[in-house]
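Summary of the model geometry
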There are 2 protein chains.
Amino acid sequence: MNPCKNHKACTNEALKNAEEICKKKGVKLTKLRETVLRLVWKSHGYVKAYDLLEDLKKIDNSAKPPTVYRSLDFLLEHGFIHKIQSLNAYVGCGHPNTHDNCYFLICNECQNIEEHCSKNINDIVTNTSEKINFLPNKITLEISGTCKECS
Amino acid sequence: MNPCKNHKACTNEALKNAEEICKKKGVKLTKLRETVLRLVWKSHGYVKAYDLLEDLKKIDNSAKPPTVYRSLDFLLEHGFIHKIQSLNAYVGCGHPNTHDNCYFLICNECQNIEEHCSKNINDIVTNTSEKINFLPNKITLEISGTCKECS
DNA sequence: AAGTAAATGTTATATTATAACATAATTGAT
DNA sequence: ATCAATTATGTTATAATATAACATTTACTT
């Protein structure tokens, strides 16, 4: 899954997108936040907060849990990463301009995560919910299984 | 949401179902497991593991985290409860014989959870996944929002 | 009754995340 | 440029969630 030809390019694009969006929004992608985003993007797999912390410590030994969680919070808030609830893990967002209607395919073998967006699925969920007068706010859809390459 | 007329009846039915299914499967719904299941069913809302632990301690002061988690594991394994991944919480399953294709509507106001099943949603997810040769194994679909009564 | 498997008890610790307060950097108004 | 305010980061401590490892008890099988 996600056999990207050139992962450095993926990462750089993600970083560039984040920069642009921050600029547009008037928020700051500080050095720390950028570093954390880069670390999240070290692969197309998911990363765990305390693994990020270990990675950060290699750069700045004084890093502590809040260092990581604050950056993660910022990155989540602005849609540069997503949290995978079923794994307590984080993954970079490949299309941070439109982070609606997303769901995640999680390969149990290679740990890679593919983010998909489907207005279709989103509409069905929304319609079904509204039929019973439930007003949906946030949809968490995570599908674990085995990806093409691993099966 | 879930304005059940008689929650005692809900609970008793859940307990009865669990008993029957255990009998059929040849597994044991021990006193402890039954107690935990009853505690999970104290409402239609979700419960947190350490709240259950507090509840259990009122009955048996020697209860400890593994006491709760082991029972939860058993109840999860046999489909008597579900884990709500986005909340790290647990909720009773209202129809434990057929716990496929389920998703959860979580009201942010009243904390109640309604479990729904839709072969429709499940099929769409499955088809969409398979189109890209992803073999789905487990689908986590959790929708938080506001229920009819709370909106 | 003895042996085995399953369940529970118990201690300790791992993992994930946040609260609370201190300091530093940045911004914006004067 | 300076001060005040805001934002970001540093730091210490601890809360919240979950499991590992081993001991004991209970239940089941023969």
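Conventions we followed
Residues numbered from 1 in each chain as written. Chains lettered and ligands numbered in written order. Predicted model: local features only at pLDDT ≥ 70, side-chain atom pairs only at ≥ 80, totals over all residues. Heavy atoms only, no water. Buried < 20%, exposed > 50% of the residue type's maximum accessible area, 1.4 Å probe, protein only. Helix = DSSP H or I, 4+ residues; strand = E, 2+ residues; numbered from the N terminus. Pairing = 2+ DSSP bridges. Near = heavy atom within 4 Å. Polar contact = N/O pair within 3.5 Å; in protein donor to acceptor, adjacent residues only side chain to side chain. Phe/Tyr/Trp six-rings, centres within 6.5 Å; stacked < 30°, edge-to-face > 60°. Lys NZ or Arg CZ within 6 Å of the ring centre and 35° of its normal. Axes fitted to C-alpha atoms, helices over the stretch in contact; angles between N-to-C directions. Contact = heavy atoms within 4.5 Å. Buried area = accessible area lost by both parts, 1.4 Å probe. Nonpolar A, V, L, I, M, F, W, Y, C, P; charged D, E, K, R; others polar. Least-squares fit on C-alpha atoms with pLDDT ≥ 70 in both. Domains from an automatic or database assignment. Salt bridge = Lys/Arg side-chain N within 4 Å of Asp/Glu carboxyl O.

1. Here we look at the pairing of strand β3 (residues 102–107) of chain A
All names here are of chain A.
- Among the six residues of β3, six are classified as buried, and the element is accordingly described as predominantly covered.
- Relative to strand β4 (residues 113–117), β3 is paired through five bridges, and the arrangement is antiparallel. Counted as the bridge partner of Leu105 is Glu114 from β4.

2. A few points about the protein's contact with DNA strand C
- Taken together, 20 residues surround DNA strand C, and among them Lys48(A), Tyr50(A), Lys83(A), Thr30(B) and Arg70(B) come closest.
- At the protein interface, 47% of the atoms of DNA strand C within 4 Å belong to sugar or phosphate.
- One nitrogen or oxygen atom from the side chain of Tyr50(A) is found 2.5 Å from a base nitrogen belonging to DNA strand C.
- Contacts to DNA strand C include Tyr90(A), whose side-chain N or O atom sits 3.1 Å from a phosphate oxygen.

3. Thoughts on the packing of aromatic side chains
- Tallied over the entire structure, the rule returns four aromatic pairs over all chains.
- Geometrically, the ring pair formed by Phe74(B) and Phe80(B) is tilted, given 6.5 Å between the ring centres and 50° between the ring planes. As far as the burial class goes, Phe74(B) and Phe80(B) line up, both buried.
- Positioned over the ring face of Phe74(A) is Arg33(A), at 3.8 Å from the centre of the ring.

4. Considerations on the sheet that holds β4(A)
- Spatially, β4(A)-β3(A)-β5(A)-β5(B)-β3(B)-β4(B) is the arrangement adopted by the six strands of the open sheet, whose pairing is mixed. At either margin of the open sheet sits one strand with a lone partner, and together these are β4 of chain A together with β4 (113–117) of chain B. The average undirected angle you get between the axes of adjacent strands in this sheet is 20°.
- The sheet strands contacting helix α5 (residues 119–131) of chain A are β3, β4 and β5 (135–146) of chain A together with β3 (102–107) and β5 (135–146) of chain B, and the helix crosses β5(A) at an angle near 130°.
- Packed on one face of the sheet, helix α5 (residues 119–131) of chain B meets β3 and β5 of chain A together with β3, β4 and β5 of chain B and runs near 130° to β5(B).

5. Examining the interface of chain B and chain A
- The interface of chain B with chain A comprises 34 residues on the first partner and 34 residues on the second.
- Buried area between chain B and chain A, summed over both chains or domains, comes out near 2600 Å², and the portion from carbon and sulfur atoms is 64%.
- Across the chain B-chain A interface, the total number found is ten residue pairs in polar contact (both at pLDDT 80 or more).
- Of all elements in the fold, only β3, β4, α5 and β5 of chain B reach the threshold of two or more residues within the side of chain B that touches chain A.
- At twelve residues, the largest contribution of residues to the side of chain B that touches chain A is made by β5(B).
- Residues of the side of chain B that touches chain A, tallied by class, amount to 16 nonpolar, 14 polar and four charged.

6. Looking at the relation of the copies chain B and chain A
- Superposing chain B onto chain A takes a rotation of 180° plus a shift of 0.0 Å along the axis, which leaves an RMSD of 0.0 Å. As the rotation angle and translation indicate, the two copies are arranged about a two-fold axis. Every residue of chain B has its C-alpha some distance from the rotation axis, and the shortest such distance is that of Leu141(B), at 2.2 Å.
- Both copies contact each other with a shared surface, as 100% of the interface residues of chain B are interface residues in chain A too.

7. Regarding the protein's contact with DNA strand D
- The environment of DNA strand D is formed by 19 residues, the closest being Thr30(A), Arg70(A), Lys48(B), Tyr50(B) and Lys83(B).
- Close to the protein, within 4 Å, the atoms of DNA strand D belong to sugar or phosphate groups at a rate of 45%.
- One of the side-chain N or O atoms of Tyr50(B) is found 2.6 Å from a base nitrogen in DNA strand D.
- At 3.2 Å from a phosphate oxygen of DNA strand D is found a side-chain nitrogen or oxygen belonging to Tyr90(B).
- When residues of the surface near DNA strand D are traced back to their parent elements, those giving at least two are α2 (31–40) and α4 (65–77) of chain A together with α4 (65–77) of chain B.
- The element that contributes the greatest number of residues to the surface near DNA strand D is α4(B), accounting for four residues.

8. Examining the domain arrangement of chain A
Residue and element names in this part refer to chain A.
- Each domain of chain A was delimited in the assignment, giving domain 1 (7–92) and domain 2 (102–150).
- Distance from the C-alpha centre of domain 1 to the C-alpha centre of domain 2: 22 Å.
- Facing eleven residues of domain 1, the contacting portion of domain 2 comprises nine residues.
- For the domain 1 and domain 2 pair, buried surface summed over both sides reaches about 810 Å², with 58% attributable to carbon and sulfur atoms.
- There are zero salt bridges connecting domain 1 and domain 2.

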